[in-house]
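Take a look at the letters that make up each chain.
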Amino acid sequence: MSNPDNLNTVPLAADHLPANIQSGQTIILKEMHKLNNVNRIAPNQKLTFSDSGMTVIYGGNGTGKSGYVRVMKQACRSRDQLEIVHTNANDPASARLTPSAIFKIEKQGNVKNIDWERGGTPPALLSVISVFDSRCARSYLTSEQDVA
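Keep in mind that this is a model prediction, so the values were computed, not measured.

Caption draft 1: Looking closely at the environment of Glu83. Along the chain, Glu83 turns up in the loop between helix H1 (65–75) and strand E3 (100–107). Taking C-alpha positions, Glu83 is 9.8 Å from Ser66, a pair spaced 17 residues apart along the chain. Only 2.9 Å separates the side chain of Glu83 from the side chain of Lys73, close enough to count as a polar contact.

The structure is reproduced here in structure tokens:
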């Protein structure tokens, strides 16, 4: 069979699937903080989320929106995984550094921090959080696949 794009198969693994949480359990994303080596986002910045409903991220060019969303898409196992998390393009030395972040979540009333690092296995508890942007929309709307 022809493989013009030289694609390699990857066996299905637990880190490809959402976390198995019990019926009625809730996991709430509270904030992202301590982003290190993610674009030019300062490590002391944080992004907070609504306890219910949807959080919309907006702002001018160069304010970090894409950097935050790329981290979220990788950590939360978004349907679109094509964009990588970049380091600071203005600092050539940062190219060999690894982007990382801390997610604060609430699970059944208990607040805890979860570490994420580019290239590592995405944290299981974050897999139940949906991240939706224009790239994910294309995946849902134009790909032939079952959508849960």
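Caption draft 2: The layout of surface pockets, seen in detail. Put simply, the largest pocket is a space of about 590 Å³. Lining of the largest pocket is provided by 21 residues; of these, Phe49, Met54, Thr55, Met72 and Ser130 occupy positions nearest its centre. Listing elements by their share of the lining of the largest pocket, those giving two or more residues are strand E1 (27–36) and H1. Of the residues belonging to the lining of the largest pocket, the class tally is 13 nonpolar, five polar and three charged.

Caption draft 3: Seen up close, the pattern of salt bridges. The final tally for this structure, using the stated rule, is six salt bridges. When the shortest N-O distance is used, the salt bridge between Glu83 and Lys73 registers 2.9 Å. In this pair, Glu83 sits in the loop between H1 and E3 while Lys73 sits in helix H1, placing the two residues 10 residues apart along the sequence. A residue is classified by how much of its surface remains accessible, and Glu83, at 22% relative accessible area, is partly exposed. In this structure, a network of salt bridges that share partners links the residues Lys30, Asp51 and Glu106.

Caption draft 4: Looking closely at the sheet that holds E1. Spatial ordering of the open sheet is given by E2-E1-E3-E4, a layout of four strands whose pairing is antiparallel. Sheet topology places strand E2 (46–48) and strand E4 (110–117) at the edges, where each strand pairs with a single neighbour. Across this sheet, the average inter-strand angle for adjacent strands is 20°, counted without regard to direction. Of the strand pairs in this sheet, E1 and E3 are connected by seven bridges, and their pairing is antiparallel. Following the sheet pairing, Ile28 is matched in E3 by Glu106. Its contacts with the sheet place H1 against E1, E2, E3 and E4, and it is angled at close to 125° to E1.

Caption draft 5: How the structure looks around the pairing of E1. Counting buried positions along E1 gives seven out of 10 residues, so the element sits mostly inside the fold. In this sheet, E2 lies alongside E1 in antiparallel orientation, the contact comprising three bridges. Each residue of the ladder has a partner; that of His33, found in E2, is Lys46.

Cut-offs used in this document
Going along each chain's sequence as written, the residues are numbered from 1 onward. Per-residue local features are limited, in this predicted model, to residues with pLDDT of at least 70; the limit for side-chain atom pairs, both in listing and counting, is 80 or more; totals at the level of whole chains, interfaces and linings are taken over all residues. Excluded from the side-chain calculation are hydrogens and water; included are all heavy atoms of the structure. Strands here are runs of E lasting at least two residues and helices are runs of H or I lasting at least four, both read from the DSSP assignment and numbered beginning at the N terminus. Two N or O atoms form a polar contact when they lie within 3.5 Å of each other; inside protein one atom must be a possible hydrogen donor and the other a possible acceptor, and for residues adjacent in sequence the pair counts only when both atoms belong to side chains. Whether a set of points on the 1 Å grid over the protein atoms alone is a cavity depends on a 1.4 Å probe fitting there but being unable to get out, while an open set qualifies as a pocket with protein on both sides within 12 Å along at least five of seven lines; lining residues are those with an atom within 4 Å of a point. Grid points are joined across faces, edges and corners, and a volume is the space filled by probe spheres set on the points. Under this grouping Gly is polar, as are all residues other than the nonpolar Ala, Val, Leu, Ile, Met, Phe, Trp, Tyr, Cys and Pro and the charged Asp, Glu, Lys and Arg. Basic side-chain nitrogens of Lys or Arg form a salt bridge, by our definition, when they fall within 4 Å of a carboxyl oxygen of Asp or Glu. Only protein chains enter the calculation, and the probe is 1.4 Å; a residue is then buried if its accessible area is under 20% of its type maximum, exposed if over 50%, and partly exposed in between. DSSP-based pairing: two strands are paired if at least 2 bridges between them are found. Axis definition: a line fitted to C-alpha atoms, over the contacting stretch in the case of helices. Angles run 0 to 180 degrees between N-to-C directions. A contact between two residues is defined here by any heavy atoms of the two lying within 4.5 Å.

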